[in-house]
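Inside the fold
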Amino acid sequence: MQIERYKTGKRMSQAVTYGGFVFLAGQVAIDAPGASVREQTTNILARITRLLDGAGSNPTRIVSATIWLTDISSFEDMNAVWDAWVPSGHAPARATVEARLAGPEFTVEIGIIAAVGN
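Residues numbered from 1 in each chain as written. Predicted model: local features only at pLDDT ≥ 70, side-chain atom pairs only at ≥ 80, totals over all residues. Heavy atoms only, no water.

Quick notes on helix α1 (residues 37-54)
Convention followed: Secondary structure elements follow DSSP: runs of H or I no shorter than four residues count as helices, runs of E no shorter than two count as strands, and numbering proceeds from the N terminus. Here the expected span of a helix is defined as 1.5 Å times the quantity of residues minus one. Three exposure classes are used, based on accessible area relative to the maximum for each residue type with a 1.4 Å probe and protein chains only: buried under 20%, partly exposed in between, and exposed over 50%. By definition in these notes, contact holds between two residues if any of their heavy atoms fall within 4.5 Å.
With 18 residues, α1 extends 26 Å from end C-alpha to end C-alpha; this agrees with the ideal 26 Å at 1.5 Å per step. Among all positions in α1, only Val37, Gln40, Thr41, Asn43, Ile44, Leu45, Arg47, Ile48, Leu51 and Leu52 are buried. Turning to α1, the residues buried within the fold contact β1 (4-8), β2 (13-18), β3 (21-24), β4 (62-69), α2 (75-85) and β6 (108-115). The positive-phi residue at the C-terminal boundary of α1 is Gly56, with phi of around 85 degrees.

Written out as structure tokens, the structure is:
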């Protein structure tokens, strides 16, 4: 099986496919730093949708998600956006934890594993 890397930089790739799965790097709101948790989540999920599409997958194919919040009290705000984005009947296995992120301007980070294909 071949490993394919997408949007590869010096330190990491934004997505890697192998064995019928796509593994996304943790995504932060690059286009909305310092914005509200809802806005950051919206920005991140749009980035995830584009990355999945580029790797031959889509949100209905997500098998696992890990979400990091800098403040667990923002759980409901993040979920309001998440719940509207996840296709009905396609909720993945998921973990959400409180953690310090790469910079104070980011309050949400989401990592995804999805099956490749439609």
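Topic: the sheet that holds β4
As a reminder of what qualifies: What makes two strands pair is DSSP finding at least two bridges between them. Here the axes come from fitting lines to C-alpha atoms, over the contacting stretch only for helices, and the angles between their N-to-C directions go from 0 to 180 degrees.
As summarised here, the arrangement of the six strands in space is β1-β2-β3-β6-β4-β5, forming an open sheet in which the pairing is mixed. The open sheet has two edge strands, β1 and β5 (93-98), and neither has a second partner. Strand-to-strand twist across the sheet, computed as the mean angle between neighbouring axes with direction ignored, equals 10 degrees. For β3 and β6, the ladder comprises three bridges, and the chain directions are antiparallel. Across the sheet, Phe23 pairs through a bridge with Ile113, a residue of β6. Across the face of the sheet, α1 comes into contact with β1, β2, β3, β4 and β6 while running at roughly 25 degrees to β6.

Describing the layout of surface pockets
Heads up, the rule is: Cavity means a closed set of points on a 1 Å grid over the protein atoms alone, one where a 1.4 Å probe fits but cannot get out, pocket means an open set with protein on both sides within 12 Å along at least 5 of 7 lines, and lining means a residue has an atom within 4 Å of a point. Grid points are joined across faces, edges and corners, and a volume is the space filled by probe spheres set on the points. Residues are sorted three ways: Asp, Glu, Lys and Arg are charged, Ala, Val, Leu, Ile, Met, Phe, Trp, Tyr, Cys and Pro are nonpolar, and all the rest, Gly among them, are polar.
Reported here for the largest pocket is a volume of approximately 160 Å³. Along the walls of the largest pocket sit Tyr6, Lys7, Gln14, Ala15, Gln27, Arg47, Arg50, Leu51, Gly54 and Ala55, which together make up its complete lining. If you list the elements that add at least two residues to the lining of the largest pocket, you get β1, β2 and α1. Take the lining of the largest pocket: its biggest share by element is four residues, from α1. Across the lining of the largest pocket, the residue classes break down as four nonpolar, three polar and three charged.

Quick word on the pattern of salt bridges
Short version of the rule: A side-chain nitrogen of Lys or Arg and a carboxyl oxygen of Asp or Glu constitute a salt bridge if their distance falls within 4 Å.
Counting across every chain of the model gives one salt bridge. With a shortest N-O distance of 3.3 Å, Asp77 and Arg38 are connected by a salt bridge. Of this pair, Asp77 sits in helix α2 while Arg38 is found in helix α1, placing the two residues 39 residues apart along the sequence.

Regarding the environment of Gly34
As for its position among the elements, Gly34 is in the loop between β3 and α1. Residue classification places Gly34 among the exposed positions, given a relative accessible area of 62%.

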